[in-house]
Amino acid sequence: MSKCNWKLTNEEYEFIKGEVCHIFKKYKVKCIPVSGFEIASNMKITLVAYSGLSERKRKKAIEVSDDGFFPEEDGHEYIFYNDNDRSYERQNWTILHEIGHIVLDHTGHSEHEEDEANFFAKYAIAPPVLIHKIGAESPYDIYETFDISLEAAFYAYDYYLTWKRRYDRINHLAEYEEEILLLYKKTA
């Protein structure tokens, strides 16, 4: 997961948010914290932890990515992820990032695919509408509720505040946000 300087268009952001909502609906994601492990399992994606690989294969996997990657072999999707020295939070983020690549049909031929997958993971792991639903008043509320790293919680809170200013101004949710709330309402 490299950082790119690419800025996605508003249309691309909206499309990705809609895709996250579609995945939540299709695979009945309605629990906080959001689990990439569970989503991958429901999508029939085989998860392969680096620790389960032979030493030779583990070294090759790390050469491909320190965090994780997805190859498609024989028509089946896999996500390889580093569980050796990564926290659960980082592993979950990595899996959601790789799911983003799969859902967005990435082929590795576009430089901004990393930005798209990063945004997919960011939005899936803590959608602003759910942050609002829990009444988060600080990054620490997000950290505790969404089971993400403290650093990610600060980013999510900043993103939430931007979202909230827009919501307070227009007092209207996007269709995908209403659909996400409906999923979570059914479990309340």
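About the thresholds
Residues numbered from 1 in each chain as written. Predicted model: local features only at pLDDT ≥ 70, side-chain atom pairs only at ≥ 80, totals over all residues. Heavy atoms only, no water. Helix = DSSP H or I, 4+ residues; strand = E, 2+ residues; numbered from the N terminus. Buried < 20%, exposed > 50% of the residue type's maximum accessible area, 1.4 Å probe, protein only. Contact = heavy atoms within 4.5 Å. Areas by Shrake-Rupley, 256 points an atom, 1.4 Å probe, with all protein chains shown as cover. Lys, Arg positive; Asp, Glu negative; His and termini not counted. Charge placed at Lys NZ, Arg CZ, Asp CG, Glu CD. Axes fitted to C-alpha atoms, helices over the stretch in contact; angles between N-to-C directions. Parallel < 35°, antiparallel > 145°, perpendicular 65-115°, else oblique. Left-handed = near helix turned anticlockwise from the far one by under 90°. Salt bridge = Lys/Arg side-chain N within 4 Å of Asp/Glu carboxyl O.

When its secondary structure is counted, the protein shows 9 helices and 4 strands. Listed by position from the N terminus, the elements making up the protein come as α-α-β-α-β-β-β-α-α-α-α-α-α. Considering only C-alpha atoms, the protein reaches an extent of 55 × 30 × 30 Å along its principal axes. Considering the protein as a whole, with its 188 residues, one finds that 45% of them fall into the buried category. Excluding contacts between residues fewer than 6 apart, the proportion of contacts in the protein whose partners are at least 24 apart in sequence is 63%. Approximately 10,500 Å² of the protein is accessible, and the part contributed by carbon and sulfur atoms is 49%. Charged side chains of the protein number 23 positive and 34 negative; the gap between the two group centres comes to 4 Å.

Turning our attention to the packing of helix 1 (residues 10-26) against helix 9 (residues 175-185). Running from amino to carboxyl end, helix 1 crosses helix 9 at an angle of 25°, the nearest separation of the two axes being 9 Å. Between helix 1 and helix 9, the interaxial angle falls into the category roughly parallel. The handedness of the crossing between helix 1 and helix 9 is left-handed. Note on element contacts: helix 9 touches helix 1 through Tyr176, Glu179, Ile180, Leu183 and Tyr184, opposite Glu14, Lys17, Gly18, Cys21, Phe24 and Lys25.

Let us look at the pattern of salt bridges. Under the counting rule described, the total for this entry stands at 7 salt bridges. In this structure, Glu179 engages Lys25 in a salt bridge whose closest nitrogen and oxygen atoms are separated by 3.1 Å. With Glu179 in helix 9 and Lys25 in helix 1, this residue pair connects regions lying 154 residues apart in the sequence. For Lys25, a relative accessible area of 40% translates into the label partly exposed. In this structure, Arg90 and Asp67 form a salt bridge, with 2.8 Å as the shortest nitrogen-oxygen distance. Pair noted here: Arg90 is in helix 4 (residues 88-103) and Asp67 is in the loop between helix 3 (55-64) and strand 2 (68-69), with a separation of 23 residues, a long-range link. For Arg90, a relative accessible area of 33% translates into the label partly exposed.

Note that every value here comes from positions in space, so none of it alone points to a role or purpose.
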